[in-house]
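Observations on the three-dimensional arrangement
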Amino acid sequence: MNNSSLSQPIHFLHGNNYVVQSLSNQLPAVDIIYTINNFPFEEVCSKILRMRYCGHNQTAYLSDFGTFDIETTTFQMSIIDDEPQYNAFMYQWQFCIDDKVIMGNTWEEFKSLLEQLRIGLGLSHAHYFVIYVHNLPFEFQFFRNFVNITQTFSLEKRKVVKCIVNDAFEFRCSYKLSNMSLQKFVSGTPGALYWKKSGDLDYSKIRTPSTYLTNEEIAYCYNDVRGLREAVKHLLLSEHDTLAQIPMTSTGYVRREFRSAINQNKRNHYIFKELALNPFEYALLKTATRGGNCHCNPTMSGALDNRNVFSNVSSYDMSSAYPAVMTQCKFPMSPFLRRNPKKSILDKLIREKKQALIIDCVFYNIHIKTLNTVPYIPKAKTTKLWKPRIDNGRVLSAEICGMVITDIDWRIIESQYDFDADVEILNLYSAKYDYLPLELRNKVIEQYNNKCTLKFGDPYLYNKFKNKINADFGMMLTDICRREITYDPNHPDKNGNPFTLEPWDIEGSMAKYYKSRNSFLAYQWGVWVTAHCRNRLQRAIDAVGIDAIYCDTDSLKFLGNHDADFDKLNNEILEEADACQLLTSCDVTDPDGEIHHYQLGVWEKEKTYQTFKSLGAKKYAYTYEFDKYGNPDPDLHITVAGLSKSKAGKWLTEHGGMKKFRSDTLIPADYSGRTVSSYIDHKKPYYLNFQGEKILTASAIAIYNTTYTFSITNEYQELLADLEGVGM
């Protein structure tokens, strides 16, 4: 076969075919595309069976693995009540095993593939072959009616992390394993050659199983499974894992490292047991659990009309905020003691600052002292609320406001709000403050030092340690009482969803958690990680005062020059770092010989915004005077939850810039970057007649682009109008 014929359209049902492409090293490659009819099953299976098995919990795994992916077409079926109705079907699948890729166009072929592998590899109950899929929940919805699924593990409804298929295959989600897009996962893997192609497969094009694909389209499909195999294979080797040992999620790597570190000191296991919660304490802490503080100063909001576009806006970010408080701050390190719920006792404990407190309380006639700030109390975290005034989800005032909070939250609320003296204390618990186990803190510092040291070194290792330190918080605040999610296609809910969220079993879940030798983290520690971080952010908000515009977890945007205030804040953080008696900083020499000093947790100044405007939480736009190359930057940059930064930012730039970043602006579907996933559930396969073609299909996910409209609630609009009316 000569090269001129290789770029012609290829159809996979006709004989041996090839794909030609340039690899990531710029060298050309010609690879065979197999079908189930010509794939050397006997040769490949014999090779895999010669490898050693690996096992875990009475389950044996073959030591090699496969990767799987499908391509689908979404089409509009009809319009009901002016709403388009969509469906989807699979037209192409690809499977990689032993660095060989098989492709097919029908589910019958896929079933044949699994059956031939089951027989050839001698698979049976508890003797599995692992298959990785990048974003398994998508493929699962399409193939679930064609196979026998005996077991699933899901973190949420429909969010399958792994499943057992035909009592022979264990499908796993490589997206949860890597926490990266496929493109980033593969391109960041050292030595990977089959990088994910970009832009070579137009998903808006209608394709069917009989559609001929171009060489470029085939390369796109080929690399999706061949590249994924390269990435997972490298991960196994670099972490010295087997398929029985490798974690299911990226957080699992971090948890394993910390478990090993903490287990070096037997005393830590006794501490963990000593800090065990009872179900009522857990319920209080679950209610008190809160994430980062993300909000816009209501007097600075630009959500009403086109006001409040600010110039020369400064920005500061905390360096590794969550890992910093894990090493530098104190946490509840003794069992919680139930206290007499009297206000006088609470006041005494608050003054002493030696006890971590759980406070179940009710405020009466509470109101914020000034509107020109970032209100702290979230409506969503109140346990009771009567006659409130709300600022885009934050409580400005209320006749009655019930909450479960920590002592850290209490001090912030007491500083920011006025309320009646007769606060009702329903429950009050205290525990002694102390630092987290030394081994845990040392591991955080080790990760931070590795990340900083590698900033000028190996990009793969740098990103690896950066991802690890970013995963520390997720590890700390993992819920110890998850509701079980079961899969039963024979008894779906009224909407056809085959997944069921089982009732809470708090006592059973807690008993299982505290009994397991794999458990080592006290749930309450995670609650205080976010509380400490909110406190450090609040200190910055208080320092800049009325100049604060917008905050988000570890960053603050504000007017004016407050460098001196942040120097003072950093000195306070350095004092906390010194007090913890651990070195939470490091010096790194770059390739030019320049020494860089990195300090965990300090505020760092970011690039100044030429203009800045916020429409609320997770919704702001900004411009820079110059880009990173020193050239004039005419683009509008945006950070909006659910919107594509590049596509939507480009559209806004071309249609009015900052003036167009306002309520009621509609971003077209082709530019929003937003998609809708519509689940189509069936109990069994059926034949779809589509454009004269008979296609066997079943359950599916129809994914289609949708518009995005900037909007605000009537309640928020009324508040902003009132503020404007009084000149704020």
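Rules behind the numbers
- Residues numbered from 1 in each chain as written.
- Predicted model: local features only at pLDDT ≥ 70, side-chain atom pairs only at ≥ 80, totals over all residues.
- Heavy atoms only, no water.
- Helix = DSSP H or I, 4+ residues; strand = E, 2+ residues; numbered from the N terminus.
- Rg over C-alpha atoms; globule rule 2.2 N^0.38 Å.
- Buried < 20%, exposed > 50% of the residue type's maximum accessible area, 1.4 Å probe, protein only.
- Contact = heavy atoms within 4.5 Å.
- Areas by Shrake-Rupley, 256 points an atom, 1.4 Å probe, with all protein chains shown as cover.
- Lys, Arg positive; Asp, Glu negative; His and termini not counted.
- Charge placed at Lys NZ, Arg CZ, Asp CG, Glu CD.
- Core = buried A, V, L, I, M, F, W, Y, C linked by side-chain atoms within 4.5 Å.
- Axes fitted to C-alpha atoms, helices over the stretch in contact; angles between N-to-C directions.
- Left-handed = near helix turned anticlockwise from the far one by under 90°.
- Nonpolar A, V, L, I, M, F, W, Y, C, P; charged D, E, K, R; others polar.
- Disulfide = S-S within 2.5 Å.
- Arc of directions from axis to C-beta.
- Salt bridge = Lys/Arg side-chain N within 4 Å of Asp/Glu carboxyl O.
- Polar contact = N/O pair within 3.5 Å; in protein donor to acceptor, adjacent residues only side chain to side chain.
- Phe/Tyr/Trp six-rings, centres within 6.5 Å; stacked < 30°, edge-to-face > 60°.
- Expected span 1.5 Å × (residues − 1).

1. Regarding the overall build of the protein
In terms of regular secondary structure, the protein is built from 21 helices and 36 strands. Here the C-alpha radius of gyration of the protein, 28 Å, is about what a compact globule of 728 residues would show, namely 27 Å. If one aligns the C-alpha atoms of the protein with their principal axes, the spans along those axes are about 80 × 65 × 65 Å. Scored against the burial criterion, the 728 residues of the protein give a buried share of 54%. Put simply, 71% of the contacts in the protein that link residues at least 6 apart link residues at least 24 apart. If you sum the accessible surface of the protein, you get close to 32700 Å²; carbon and sulfur atoms cover 48% of it. Charge centroids of the protein, computed over 82 positive and 85 negative side chains, lie 5 Å from each other.

2. Here's the deal with the nonpolar core
Within the largest apolar cluster, 110 residues are counted, with the highest numbers of intra-cluster contacts made by L440, W525, W528, L556 and F661. Counting residues per element, this core draws most heavily on helix α17 (residues 523–544), which supplies eleven residues. In this structure, W525 is in contact with L275, F331, P332, M333, L436, P437, L440, M476 and F520, ignoring residues within four places of it in sequence. Ranked by size, the runner-up nonpolar core spans 50 residues in total, among them L121, F129, F146 and V160.

3. What about the packing of helix α11 (residues 321–328) against helix α15 (residues 459–476)?
Interhelical geometry of α11 versus α15 gives an angle of 65° and a closest axis separation of 8 Å. The handedness of the crossing between α11 and α15 comes out as left-handed. Facing α11, whose interface residues are Y322, P323 and M326, α15 presents I469, D472, F473 and M476. Residue composition of the contact of α11 with α15, by class: six nonpolar, no polar and one charged.

4. Structural notes on the state of the cysteines
A covalent bond bridging the sulfur atoms of two cysteines is what the word disulfide describes. Taken as a whole and assessed by the stated rule, the structure comprises zero disulfides. C580 forms no disulfide, and the closest cysteine sulfur to it belongs to C329, at a distance of 8.9 Å. A residue is classified by how much of its surface remains accessible, and C580, at 4% relative accessible area, is buried. C586 carries a free sulfur, and the closest cysteine sulfur to it, the one in C452, is 4.0 Å from it. Since its relative accessible area comes to 12%, C586 is described here as buried.

5. What about the side chain of T59?
Note that T59 resides in strand β4 (residues 59–80). A relative accessible area of 18% means that T59 is categorised as buried. Each residue touching T59, except ones within four places of it in the same chain, is listed here: C54, A126 and Y128.

6. Let's talk about the environment of K384
For K384, the location among the structural elements is in strand β16 (residues 382–386). Setting aside residues no more than four positions away along its own chain, K384 makes contact with V362, I400, C401 and G402.

7. A few points about helix α16 (residues 506–515)
For α16, the full list of buried residues reads S509, M510, Y513 and Y514. Buried residues of α16, seen end-on, are gathered within an arc of 120° and therefore sit on one face of the element. Those residues of α16 that are exposed and angled more than 90 degrees off the buried face are E507, K512 and K515. Structurally, α16 contributes buried residues whose contacts are with α9 (267–274) and α10 (279–288).

8. Focus: the side chain of K557
Here K557 is to be found in strand β24 (residues 555–558). In this structure K557 is buried but unpaired, with D317 as the nearest side chain of opposite charge at 4.5 Å. Polar contacts involving the side chain of K557 include one to the side chain of S315, which spans 3.1 Å. Beyond its immediate stretch of four places on either side in the chain, K557 contacts V313, S314, S315, D547, A548, I549, Y550, Y609, F612 and Y620.

9. A few points about the pattern of salt bridges
Scanning all chains against the criterion turns up 29 salt bridges. A salt bridge links K618 to D552; the shortest N-O distance between them is 2.8 Å. In this pair, K618 is assigned in the loop between β28 (609–616) and β29 (619–623) and D552 in strand β23 (residues 548–552), connecting sequence segments 66 residues apart. Between D563 and K605 there is a salt bridge, and its shortest N-O distance comes to 3.2 Å. With D563 in helix α18 (residues 563–579) and K605 in strand β27 (residues 603–605), this residue pair connects regions lying 42 residues apart in the sequence. Residue classification places D563 among the partly exposed positions, given a relative accessible area of 23%. For K605, a relative accessible area of 45% translates into the label partly exposed. Taken together, the shared-partner salt bridges connect E257, K443, E446 and K468 into one network.

10. A look at the environment of D472
By the element assignment, D472 lies in helix α15. With 221 residues separating them along the chain, D472 and T251 place their C-alpha atoms 7.6 Å apart. When near neighbours in sequence (up to four residues on either side) are disregarded, D472 contacts V254, F258, P323, M326, V444 and Q447.

11. A closer look at the packing of aromatic side chains
The final tally for this structure, using the stated rule, is 46 aromatic pairs. Aromatic pair F140 and Y487: ring centres 5.3 Å apart, planes at 75°, arrangement edge-to-face. With F140 in helix α4 (residues 136–143) and Y487 in strand β21 (residues 485–487), this residue pair connects regions lying 347 residues apart in the sequence. Residue classification places F140 among the buried positions, given a relative accessible area of 1%. Taking 5.3 Å as the distance between ring centres and 70° as the angle between the ring planes, the aromatic pair formed by F566 and W603 counts as edge-to-face.

12. Focus on unusual backbone geometry
A positive phi angle, close to 55°, is found at N179, a residue other than glycine. In this structure, N179 sits in the loop between α5 (174–178) and α6 (182–187). In this model, N392 sits at a positive phi of 50°, which is unusual for a non-glycine residue. With respect to the helices and strands, N392 occurs in the loop between β17 (389–391) and β18 (394–406).

13. Digging into the environment of S430
Note on placement: S430 falls in strand β20 (residues 424–435). Classification of S430 as buried rests on a relative accessible area of 2%. Linking S430 and H596, residues 166 residues apart in sequence, is a C-alpha distance of 42 Å. The residues touching S430, leaving out its near neighbours within four places in the chain, are P335, F336, L337, R339, Q355, A356 and L357. A distance of 2.9 Å separates a polar atom in the side chain of S430 from a polar atom in the side chain of R339.

14. Points about α18
Over its 17 residues, α18 runs 24 Å from end to end, which matches the ideal 24 Å to within 8%, given 1.5 Å per residue. When we look at burial in α18, the residues that qualify are F566, L569, N570, I573 and A577. Buried residues of α18 fall within an arc of 100° about the axis and therefore sit on the same side. For α18, the exposed residues lying more than 90 degrees away from the buried face are A564, K568, E575 and D578. If you follow the buried residues of α18, they end up packed against β12 (310–318), α11, α17, β24, β26 (595–599) and β27. Following α18 by one or two positions, Q581 has its phi on the positive side, about 60°.

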